[in-house]
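Commentary on secondary and tertiary structure
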Amino acid sequence: MDHSYLSKFYTKSRVERIDALEKAGILSANDKEMLITGLHLTDDMADNMIENQLSAYELPYGAALNFLIDGKDYAVPMAIEEPSVIAAASSAAKIVKQAGGFQTAVTDRVMIGQIAIKNPPNAASMMEKLHQYEHAILQKANEAHPSIVKRGGGAIRLDVRHIEADPVEKMPEFLILHVHVHTLEAMGANILNTMMEGILPYVEELIQAPALMGILSNYATECLATATCRIPAKLLRKGDLSGEEVRDRIIDAYQFAYVDPYRAVTHNKGIMNGIDSVVMASGNDWRAVSAGIHAYASKSGQYRSLSTWEKADNGDLLGSLTIPLPVGAVGGSISFHPAAKMTKTILHYENAAELESIIVSVGLAQNLAAIKALVTEGIQKGHMGLQSRSLAISAGAVGEEIDWLSDQLKQADNMNLATAEKLLEEYRQ
Ligand code: NDP
């Protein structure tokens, strides 16, 4: 693949961009035609995916460029409605590429299923019994979903947690059985839910107590992905600020988000701009991923920055992001949704672990772009420039009116809908 065809991508027309992806060896002639025609769900697909289906809701689908991850170049598809996210990710990825790219590590892909028992009559002896019967419980779980075992995965271990009653909050005591399952290339929600409901009657019989429910946990603490980058300070210079100053301000911005939840939520929202849009483009369950990641941000007991930014001994900026990332390369609508299939083609990922590496790197790039802008020129300069196009469309501009109105809005004192409508009305007179 030759990514040099992708230079000045943002200056090209939509068809030229798709053409460049073909020339770069990322798309076949057939894929190119599909992208040009549009990645539409058929009526049959949409009607069978959800209940009470009325139509399909579309989002723009674009590609962030310049990603060098574990030595491999990627153009990364993103599905997102917000302007400036793709531009910001591409620009941060370009800096990181000059510094050698992102390095990633992913843990084993293990998901956790839960069975909860409220007010266990004798928690200690029940815990003992569950541990004693670990082998039999795992076997029953695997019998409930034999195909994942045949593929080389399945239930591998169990834990039992005990949560004491809390009289102040009027909360009861719980005994919670955790079953850990290798889900291989699948995210595993349905696999886990089948297993948990499958073993529930057996667990009730063992402990002689009723269970409340059996369900997957979206807090995927055993399916973690980490991206790191190391950037020489000189690559961070911006305007009058030296690279060292920008580096130190980026570290200050991270520290602000580490200590203050009000800042951490917005800091992490910026990370999620990248993560959610690739998760969505890949056909994965972004609600599941988001819920788990935000819980992980609170693992210390306080909601904090998901990323860390520090100074290396030699003065380089070191960035790191670790998140639970239970995405699948199979399952759900991944194998038939036209956009999810296109994402697989463009990313050329071989397995779910590689998809995790890409997504976590995009999250770190997105974070770098946001905090670098915030501590230098501010985000509005870049953001509102791109926002002007959405405003022009909201005001009713069509065709070449959009370019004209967007340029006018960038120079206007108040870039808002009222100004856009007024300018458009004058233009049309
Ligand atoms: P699926 O139910 O689609 O199951 C994936 C299936 O893919 C496996 O059961 C397996 O079936 C097949 N498969 C083929 N190749 C492989 C492979 N190499 N590794 C693993 N499986 C393979 O998806 P998931 O169980 O992953 O569940 C994800 C879906 O569940 C998403 O659509 C999500 O939105 C939804 N969901 C999420 C919930 C949550 O997050 N709380 C709750 C409920 C649903 P086989 O071996 O039989 O061929």
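Use the structure listed above.
Let me sum up the structure you'll find in this document. (Residues numbered from 1 in each chain as written. Predicted model: local features only at pLDDT ≥ 70, side-chain atom pairs only at ≥ 80, totals over all residues. Heavy atoms only, no water.)

Glancing now at the overall build of the chain. Looking only at helices and strands, one finds 16 helices and 10 strands in the chain. Scaling as 2.2 N^0.38, a compact globule of 429 residues should have a C-alpha radius of gyration of about 22 Å, and the chain matches this with 25 Å. Dimensions of the chain, computed from the C-alpha atoms along their principal axes, are close to 80 × 55 × 45 Å. Counting the 429 residues in the chain, one finds 46% classified as buried. Put simply, of all contacts in the chain between residues at least 6 apart along the chain, 70% involve residues at least 24 apart. Only carbon and sulfur atoms are counted for the fraction: they give 51% of the accessible area of the chain, which is about 21300 Å². (Helix = DSSP H or I, 4+ residues; strand = E, 2+ residues; numbered from the N terminus. Rg over C-alpha atoms; globule rule 2.2 N^0.38 Å. Buried < 20%, exposed > 50% of the residue type's maximum accessible area, 1.4 Å probe, protein only. Contact = heavy atoms within 4.5 Å. Areas by Shrake-Rupley, 256 points an atom, 1.4 Å probe, with all protein chains shown as cover.)

What follows covers the sheet that holds strand S5 (residues 154-163). Taken in spatial order, the four strands make up an open sheet running S5-S6-S4-S7, and their pairing is antiparallel. Only two strands of the sheet have a single neighbouring strand rather than two, namely S5 and strand S7 (213-217). Going from strand to strand, the sheet's axes swing by 25° on average, the running direction of each strand aside. When strand S4 (residues 110-118) meets strand S6 (residues 174-182), the two strands line up antiparallel, connected through nine bridges. (Pairing = 2+ DSSP bridges. Axes fitted to C-alpha atoms, helices over the stretch in contact; angles between N-to-C directions.)

Here we take up the nonpolar core. Counting 57 residues, the largest nonpolar core has Phe67, Ile250, Ile275 and Trp309 as the members making the most contacts within it. A total of 11 residues in this core trace back to one element, the largest contributor, which is helix H13 (residues 352-374). Apart from the residues lying within four places of it in its own chain, the contact partners of Phe67 are Lys72, Asp73, Tyr74, Val76, Ala89, Ala93, Phe102, Ser361, Val362 and Ala365. Ala141, Ala155, Val181 and Met187 belong to the second-largest nonpolar core, a separate cluster that totals 36 residues. (Core = buried A, V, L, I, M, F, W, Y, C linked by side-chain atoms within 4.5 Å.)

Counting buried positions over the nine residues of S6 gives seven, a clear majority of the element. Where S5 and S6 come together, nine bridges link them in antiparallel fashion. Paired with Gly154 across the strands is His182, a residue of S6.

Take the site of the ligand next. For the ligand, the set of nearby residues contains 21 residues, the closest of which are Ser147, Arg151, Gly188, Asn190 and Asp285. Interatomic distance of 2.8 Å between a side-chain N/O atom of Asn190 and an oxygen atom of the ligand. Take Asp285: an N or O atom from its side chain is 2.8 Å from an oxygen atom of the ligand. For the ligand, whose free accessible area comes to 940 Å², the fraction covered by protein is 68%. (Near = heavy atom within 4 Å. Polar contact = N/O pair within 3.5 Å; in protein donor to acceptor, adjacent residues only side chain to side chain.)

The next subject is the packing of helix H9 (residues 243-259) against H13. Here H9 crosses H13 at 110°, and the two axes come no closer than 9 Å. Accordingly, the angle class assigned to the pair H9 and H13 is roughly perpendicular. Contact with H9, carried on its side by Val246, Ile250 and Ala253, involves Leu368, Ile371 and Lys372 of H13 and no other residues of that element. Within the contact of H9 with H13, the residues separate by chemical class into five nonpolar, no polar and one charged. (Parallel < 35°, antiparallel > 145°, perpendicular 65-115°, else oblique. Nonpolar A, V, L, I, M, F, W, Y, C, P; charged D, E, K, R; others polar.)

In the sheet, strand S1 (residues 61-69) pairs with strand S2 (residues 72-79) via seven bridges, with the strands oriented antiparallel. Considered in S2, the bridge of Gly62 is made with Met78. In this structure, the hairpin formed by S1 and S2 is closed by a connection of two residues, where Asp70 is found at a positive phi of approximately 50°.

Centre distance and the angle of the planes are the two values used to describe a pair of aromatic rings. Under the definition given, this model contains three aromatic pairs. Geometrically, the ring pair formed by Phe67 and Phe102 is stacked, given 5.9 Å between the ring centres and 20° between the ring planes. Separated by 35 residues along the polypeptide, Phe67 in strand S1 and Phe102 in the loop between helix H4 (85-98) and strand S3 (103-106) bring together distant segments of the chain. Using a relative accessible area of 1% as the deciding quantity, one classes Phe102 as buried. When the ring centre of Trp286 is taken as reference, the NZ or CZ atom of Arg287 above it lies at 4.4 Å. Here Lys299 stacks its cationic end above the ring of Tyr296, 4.5 Å away from the centre of that ring. (Phe/Tyr/Trp six-rings, centres within 6.5 Å; stacked < 30°, edge-to-face > 60°. Lys NZ or Arg CZ within 6 Å of the ring centre and 35° of its normal.)

The next thing to look at is the pattern of salt bridges. According to the stated counting rule, one finds 16 salt bridges in the structure shown. Arg109 is the partner of Glu356 in a salt bridge, and the nearest nitrogen-oxygen pair spans 2.7 Å. One end of the pair, Glu356, is in helix H13; the other, Arg109, is in the loop between S3 and S4, and 247 residues separate them in sequence. Comparing Glu356 with Arg109 shows no difference in burial state: the two are buried. The closest approach of N and O atoms between Arg287 and Asp285, which form a salt bridge, is 3.3 Å. (Salt bridge = Lys/Arg side-chain N within 4 Å of Asp/Glu carboxyl O.)

A sheet is described by the order of its strands in space; here four strands give the open sequence S3-S8-S10-S9, paired in antiparallel fashion. Each edge of the sheet is formed by a strand with only one pairing partner; in this case those strands are S3 and strand S9 (307-311). Strand-to-strand twist in this sheet, taken as the mean axis angle between neighbours without regard to direction, amounts to 15°. Pairing of strand S8 (residues 224-231) with strand S10 (residues 317-324), which is carried by eight bridges, proceeds in the antiparallel orientation. Pairing of Thr228 across the sheet is with Ser320, part of S10. The strands touched by H9 within the sheet are S9 and S10, with S9 carrying the most contacts at an inclination of about 140°.

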